[in-house]
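Geometric and topological summary
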Amino acid sequence: MKQVKCPNCGATFDVIETASFSTCPYCGYTFNIQTLQEWTHYFFPVYFNQNSAWLKLRSFILRRYGVPHDFYESSNINNITLHYVPLHIFHAEAEATCQHKKSSATYHKVLDLTVPAYSGFWFDSILRSHKFSVRGKTFFKPSILEKGKYYPPSISSESAKNLSQSIITSLVLREANESCRGYSQVSKVDVNYIGLVHYPIWEFYYSYKNESFKGLIDGTNGRVMFVEYPLSREAKTFLLVSSVAIVTASSLGGMLIGLVLVGNAILGFCLGLVGSLASSAPLLLTAFSLKERGSEEISKKDSLLSAVEWASLVEKFIGFRTNVPITFDL
Ligand SMILES: [Zn+2]
């Protein structure tokens, strides 16, 4: 800890050693500790309070495949924390030009980027990929310090800016390379710092039948950032049976192909076995583990389905029915 003096009201208070900015707990003034310059500081209000966040978390889980029937009645909150996590926000613009034969094309990308300004949470990687709200922020008020856990930024805006520059550069290059067959290069990058924002995240620890699970809800837009939830016995059995079925079917298929192509059934069998074990590994892992995970961030464009989503698809198409209601929107 080190002591700093607020350049606005003169109060002195302690901050952690690594902090590069600080917000005065007395007047709310945010400044750079080295230069004492004022920093633009916002926060996002909590639009989803504790009760609506908990409701959102449970209704999200109820829509997942394989959740026990009594999940709603039998799940209880053990602990809730409201975290105010610091983020640097940038307005980023980039342009790439592609030269193909005699013509050229220009691609633009404009984005508001948020980069975490603090690390040390178990959910650091979730924060990095989360789509935060960008609208609805207001100027920082010290009164929010009482409502949740507040974290001073420990990552400088300069290094966050460098990261934003490389993100926008790779995004615009990817777009150019996907649509143009010629040679693309970045012709303009413009990243402007908007300010520091403190963003509310609900962290839940809940229990279902003496087992503990956790979840994260965006306090501003109510999105489910991460959840862990139990799977019913039927769902686990189904996962196990289907992975055994995959392994058996492809090993036998491999044996047949091996016999026909190279006259070696054992080689084919082994190749089929290895391949299918690899492909059904996520299913097997889920069937044997106690928890399944989910998030609203797993978007439609994600090509890798989670094991349970995969199982619910199989169930839909082959008509295998457990007595668990399924809703799966693709
Ligand atoms: Zn002050």
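Up top is the structure.
It should be emphasised that the depicted structure is a prediction, and the values quoted were computed from it without experimental measurement.

**Structural notes on the overall build of the chain**
Scanning the chain from N- to C-terminus turns up 7 helices and 13 strands. Counting every position in the chain, which comprises 330 residues, the buried fraction comes to 31%. Within the chain, contacts between residues separated by at least 24 positions form 68% of all contacts whose residues are at least 6 apart in sequence.

**Points about the environment of D124**
Mapped onto the secondary structure, D124 falls in helix 3 (residues 124-129). The exposed category is assigned to D124, around which 12 C-beta atoms lie within 10 Å. Those residues within four positions of D124 in sequence are excluded, and the remaining contacts are P116 and S119.

**As for helix 1 (residues 50-62)**
Compared with the 18 Å implied by 1.5 Å per residue over 13 residues, the 18 Å span of helix 1 between its first and last C-alpha is a close match. Next to the buried residues of helix 1 lie helix 2 (71-74), strand 6 (75-100), strand 10 (183-208), strand 11 (211-218) and strand 12 (224-230).

**Side note on the pairing of strand 12**
Of all 7 residues in strand 12, 6 are buried; the element is thus mostly enclosed. As judged from the 3 bridges shared by strand 11 and strand 12, these two strands associate in the antiparallel manner. The partner of G215 across the bridge, within strand 12, is V227. Between the end of strand 11 and the start of strand 12, which pair antiparallel, lie 5 residues, with G222 showing a positive phi angle near 75 degrees. When strand 12 meets strand 13 (residues 291-294), the two strands line up antiparallel, connected through 4 bridges. Each residue of the ladder has a partner; that of E228, found in strand 13, is R293.

**A short note on helix 5 (residues 233-262)**
In a regular helix each residue adds 1.5 Å, so 30 residues correspond to 44 Å; helix 5 covers 43 Å between its end C-alpha atoms and thus fits that length. Along helix 5, the residues that are buried comprise A235, F238, L239, S242, S243, V247, S250, S251, G254 and M255. Of the residues flanking the end of helix 5, it is G263, one or two places downstream, whose phi is positive at about 65 degrees.

**Here's the deal with the environment of E158**
Summarising the element assignment, E158 is placed in helix 4 (residues 157-179). The exposure class assigned to E158 is exposed, which follows from the 11 C-beta atoms found within 10 Å. For the pair E158 and H88, spaced 70 residues apart in sequence, the C-alpha to C-alpha distance is 9.8 Å.

**As for the nonpolar core**
Counting residues in hydrophobic clusters, the biggest one holds 44 residues, and the most contacted among them are L57, L87, V197, Y199 and I217. Among the elements of the structure, helix 1, strand 6, strand 7 (103-116), helix 4, strand 10, strand 11 and strand 12 are those that each provide at least two residues to this core. Residue contributions to this core peak at 9 residues, all from strand 6. The residues contacting L57, other than those within four sequence positions of it, are F204, G215, I217, V224 and V227. Grouped together as the second largest cluster of nonpolar side chains are 6 residues, Y65, L231, F238 and L239 included.

**Things to note about the environment of I155**
In this structure, I155 sits in the loop between strand 9 (149-150) and helix 4. Discounting residues that sit within four places of it in the chain, I155 has contacts with P116, A117, Y118, S119 and A160.

Parameters at a glance
Residues numbered from 1 in each chain as written. Predicted model: local features only at pLDDT ≥ 70, side-chain atom pairs only at ≥ 80, totals over all residues. Helix = DSSP H or I, 4+ residues; strand = E, 2+ residues; numbered from the N terminus. Buried ≥ 20, exposed ≤ 12 C-beta atoms within 10 Å, placed from the backbone. Contact = placed C-beta atoms within 7 Å. Expected span 1.5 Å × (residues − 1). Pairing = 2+ DSSP bridges. Core = buried A, V, L, I, M, F, W, Y, C linked by C-beta atoms within 7 Å.

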